[in-house]
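Below, each chain spelled out in residue letters.
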Amino acid sequence: RDTVSVHSPFSDKSLQETYDWVLEIASGNVMKHTDSEGKALIALNLLNSSLDTSYRPFEYSGRHNATHVLVAFGTAEAELSGQIVRVLSDRGLKVGVVHVRLYRPFISEEFNAALPGSCRNILVLGQVDDQLAVEEMETHSLLYHDVMASLDFNVQNHGLQIHDGKYSRQTVWDLTFSWDRFVN
């Protein structure tokens, strides 16, 4: 699978210093009595403050009144789905995308808060083992299971239609493949 190369403006030393600082705070009393979701959010907030970023576990982009939302995890998947949503939004379609930035632990409250209230259809782009699993109706991606569990416990999400846009590990993401998953 092709990967995206990311060039960091930070030296190895400054990244190590940031890691050590977050680790020092994370090992303190605040974290000892916090659940895994709380620990993940604290660590993410510490990294954001240290690196001057604003990452959230789930980041929504698209129309504020989107009725169709794509859920994507992974650099290539998120980048390509974001491009498609921008094109479709520019054409007047009510679409959006939730980029999963922090997969584990899957924080249901944060995921549900990222969805626009107007959402009626969700397509979850989730990876499965192989092409056989893609074709099997009974097999679903782990991300699909997490989204379903998150929405099952949220009373406000009744009436949503959730679809599993499965793809195999061997899939090479490009704009055509992404477009086909979203439009079809």
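Residues numbered from 1 in each chain as written. Predicted model: local features only at pLDDT ≥ 70, side-chain atom pairs only at ≥ 80, totals over all residues. Heavy atoms only, no water.

So, about unusual backbone geometry. For residues that are not glycine, phi is negative in most cases, and the peptide bond is trans in most cases. The omega angle of the peptide bond from Arg104 to Pro105 is -5 degrees, so this bond is cis rather than trans. Even without being a glycine, Asp52 presents a positive backbone phi close to 55 degrees. As for its position among the elements, Asp52 is in the loop between helix H3 (36–51) and strand S1 (58–62). Since its relative accessible area comes to 73%, Asp52 is described here as exposed. (Helix = DSSP H or I, 4+ residues; strand = E, 2+ residues; numbered from the N terminus. Buried < 20%, exposed > 50% of the residue type's maximum accessible area, 1.4 Å probe, protein only.)

Once that is clear, we can look at the pattern of salt bridges. Under the criterion given, the structure shown has 3 salt bridges. Residue Arg169 pairs with Asp129 through a salt bridge whose shortest N-O separation is 3.0 Å. Within this pair, whereas Arg169 is found in the loop between strand S5 (161–168) and helix H8 (175–183), its partner Asp129 is found in the loop between strand S4 (121–128) and helix H6 (131–135), the two being separated by 40 residues in sequence. Judged by relative accessible area, Arg169 falls into the partly exposed class, the value being 47%. (Salt bridge = Lys/Arg side-chain N within 4 Å of Asp/Glu carboxyl O.)

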